[in-house]
Amino acid sequence: MTKALNELTITEAARMLRAGECTVRELYDACVHAAREKNVALNVYLELFEADEMAIAAAQTRIDTEGDAAPLLCGIPLAMKDNILIEGHIASAASKILSNYKATYDATVTKKLKEAGALFIGRTNMDEFAMGSSTENSAFGPVRNPIDPTRVPGGSSGGSAAASAGHLCLGSFGTDTGGSIRQPAAHCGLVGLKPTYGAISRHGLIALGSSLDQAGPLAKSVADAKALFDAVRGPDVLDSTSITDTTYPRKETPKTFRIGVPYHLLEEGLDPDVKENFERTLKELEAEGHTLVEVSLPTSPYALAAYYVIQPAEASTNLARFDGIRYGVSKEGKDLLAGYLASRTEGFGPETKRRILLGTFVLSSGYIDAYYRKADAARQVLREEYDRAFETVDVIASPTTPSPAFKFGEKSDPVSMYLEDIFTVSADLTGMPALSVPMGNVERDGVSLPTGIHFTAPLGADDLLFTIGARVTKETL
Ligand code: GLN
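In this text, all values refer to a predicted model and were calculated from it rather than measured experimentally.

Some thoughts on the packing of aromatic side chains
Working step 1: One pass over the full model with this rule turns up 11 aromatic pairs.
Working step 2: Between tyrosine 308 and tyrosine 418 the ring centres are 3.9 Å apart and the planes differ by 15°, which places this aromatic pair in the stacked class. With a gap of 110 residues between them, tyrosine 308 in helix H9 (residues 303-318) and tyrosine 418 in helix H13 (residues 414-418) connect regions that are remote in the sequence.
Working step 3: Pairing tyrosine 386 with phenylalanine 390 gives two aromatic rings, centres 6.3 Å apart and planes at 45°, and the pair type is tilted. Residues tyrosine 386 and phenylalanine 390 agree in their burial class; the two are buried.

Right, dumping it as structure tokens:
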């Protein structure tokens, strides 16, 4: 059966465009048509953009004249998370307080994608300011998982994940601060990459946790994730934390991988069938000649606690700039302070307020030593433990999430929601790159739901992840 144009992977579409088997216009229209049709039910896009006719025509001309020399992403319709700036378009981070904020410049990610000839279908729904693991925290209503609309798509990049998984675009970008690309990738059956911290410029991303945030791709295949990453990676003078190819020692891609498995982290809190999928996937890799090595990461059980101190601390600092004066929605008050209070009270949702309270508390004098500095120290130890583990293994594997996509409201207690990030936060805390790849389905209420395997690599070794990821999806890169 031939696939509809919007169901293609980027790699397949790029080939068809070059072979003249479809046009940029047809590809774009197929995605927009699917997006219009499905958005009412799924609430994936906060806005579908007017077609940029000039960009569509320019992409077609470039493919016609340059052929294979044209960038792979030329003419490819993508979706962007609502916290990545696109000049002239609203970027609200799914918050009421930024609902009228129009970006005055392109994020570096956006700029590079435009230069490659990619097209943007729209901006995708997300947890407000990227805080959440289900996309239930959006000020504009939750996103539904295209595989089972009674379930969440994961978060916070749930809109971008649902857009790619539901074929409302060919690929998408999200941001990851504690798992927000990899976790929804797992829940939607996609490949999701959180690159090495600094591999992609943060210029033009609405900041959440500045020492943690990274943009990255959500894609239908490992090859597509690599193509999207390659198009936007690289140093940027506008982001002093961006890295170059020589920042970290180069790691040769091995023929067979030594895969580290922290078995001690898999003892509790993991659904038995998710664990079975994980063990089966590891066995398959072993059968192909890779070796499994038990590794110990003793500080890992504290990573989640450290993250939920550091992240709110940074979030409360970053969100201080939203005061109703400089950006977005402004509420009148009898004096300046009353105006600030009214704007922030009305503009921020409950989870954002919770993080601001937590963050200002752990940073306040008297508590900063007990909480923030302790968490920061744990972060250093965690990184040392990973460094040590990488002396004997090439990548470290775990499930991406303890369970498949859950129902709306199922994790209304914030702590149970925070536990969703147990396997993902360490990569953000250490800055290391990590990839989630589909590892087979499990059944819930008669519906077959995807699960993900998660690989972490040493700093700067993002490319290793694609190689091992492709062994799982059985792709040749
Ligand atoms: N779920 C995590 C949080 O709520 C991670 C969010 C993210 O990666 N942006 O903080």
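Picking up after the structure, the text goes on.
Side note on the packing of H9 against helix H12 (residues 369-389)
Working step 1: At their nearest, the axes of H9 and H12 sit 9 Å apart, and the two run at 125° to each other. What the angle tells us is that H9 and H12 run oblique. The two elements H9 and H12 meet at a crossing, and its hand is left-handed. Of the residues in H12, those touching H9 at Ala303, Ala306, Val309, Ile310, Ala313 and Glu314 are Tyr371, Tyr372, Ala375, Asp376, Ala378, Arg379 and Leu382.
Working step 2: Split into classes, the residues belonging to the contact of H9 with H12 amount to 10 nonpolar, no polar and 3 charged.

Regarding the nonpolar core
Working step 1: Leu113, Phe129, Ile259 and Phe455 are the most contacted members of the largest nonpolar core, which totals 100 residues.
Working step 2: Here the element with the most residues in this core is helix H2 (residues 24-42); it accounts for 7 residues.
Working step 3: Other than its neighbours up to four places away in sequence, phenylalanine 129 contacts Ala93, Ser95, Ile97, Leu98, Ile206, Leu208, Leu319, Phe322, Phe348 and Thr352.
Working step 4: Grouped together as the second largest cluster of nonpolar side chains are 24 residues, Leu212, Ala375, Leu382 and Phe390 included.

Quick look at the pattern of salt bridges
Working step 1: Enumeration according to the criterion identifies 30 salt bridges in this entry.
Working step 2: For lysine 111, the salt bridge is made with glutamate 115, and the minimal N-O distance between the two is 3.5 Å. Here lysine 111 and its partner glutamate 115 are both found in helix H4 (residues 108-115), 4 residues apart, which amounts to about one turn of the helix.
Working step 3: Classification of lysine 111 as partly exposed rests on a relative accessible area of 46%.
Working step 4: We note a salt bridge from aspartate 239 to arginine 202, for which the minimum N-O separation is 3.8 Å.

Some words on the pairing of strand E8 (residues 291-294)
Along a regular strand, successive side chains alternate from one face of the sheet to the other.
Working step 1: As judged from the 4 bridges shared by strand E7 (residues 258-261) and E8, these two strands associate in the parallel manner. In the strand pairing of E8, valine 261 is matched with glutamate 294.
Working step 2: With helix H8 (residues 272-287) bridging E7 and its parallel neighbour E8, the resulting β-α-β unit is right-handed.

Description of the environment of methionine 417
Working step 1: By secondary structure assignment, the location of methionine 417 is in helix H13.
Working step 2: You can call methionine 417 buried: its relative accessible area is 9%.
Working step 3: The spatial distance from the C-alpha of methionine 417 to the C-alpha of serine 134 is 8.2 Å, given a sequence separation of 283 residues.
Working step 4: If sequence neighbours within four positions are ignored, methionine 417 has contacts with Ser133, Ser134, Glu136, Phe406 and Lys411.

With respect to the sheet that holds strand E9 (residues 395-399)
Working step 1: One open sheet accounts for 11 strands, arranged E1-E3-E2-E4-E6-E5-E10-E11-E9-E7-E8; its pairing is mixed. The open sheet terminates on both sides in strands that have one partner only, identified here as strand E1 (45-48) and E8. Within the sheet, the average angular offset between the axes of one strand and its neighbour, ignoring direction, is 30°.
Working step 2: As paired strands, strand E2 (residues 77-81) and strand E3 (residues 119-124) are joined by 5 bridges and run parallel to one another.

The rules behind each value
- Residues numbered from 1 in each chain as written.
- Predicted model: local features only at pLDDT ≥ 70, side-chain atom pairs only at ≥ 80, totals over all residues.
- Heavy atoms only, no water.
- Phe/Tyr/Trp six-rings, centres within 6.5 Å; stacked < 30°, edge-to-face > 60°.
- Helix = DSSP H or I, 4+ residues; strand = E, 2+ residues; numbered from the N terminus.
- Buried < 20%, exposed > 50% of the residue type's maximum accessible area, 1.4 Å probe, protein only.
- Axes fitted to C-alpha atoms, helices over the stretch in contact; angles between N-to-C directions.
- Parallel < 35°, antiparallel > 145°, perpendicular 65-115°, else oblique.
- Left-handed = near helix turned anticlockwise from the far one by under 90°.
- Contact = heavy atoms within 4.5 Å.
- Nonpolar A, V, L, I, M, F, W, Y, C, P; charged D, E, K, R; others polar.
- Core = buried A, V, L, I, M, F, W, Y, C linked by side-chain atoms within 4.5 Å.
- Salt bridge = Lys/Arg side-chain N within 4 Å of Asp/Glu carboxyl O.
- Pairing = 2+ DSSP bridges.
- Right-handed = clockwise from strand over helix to strand, strands pointing away.

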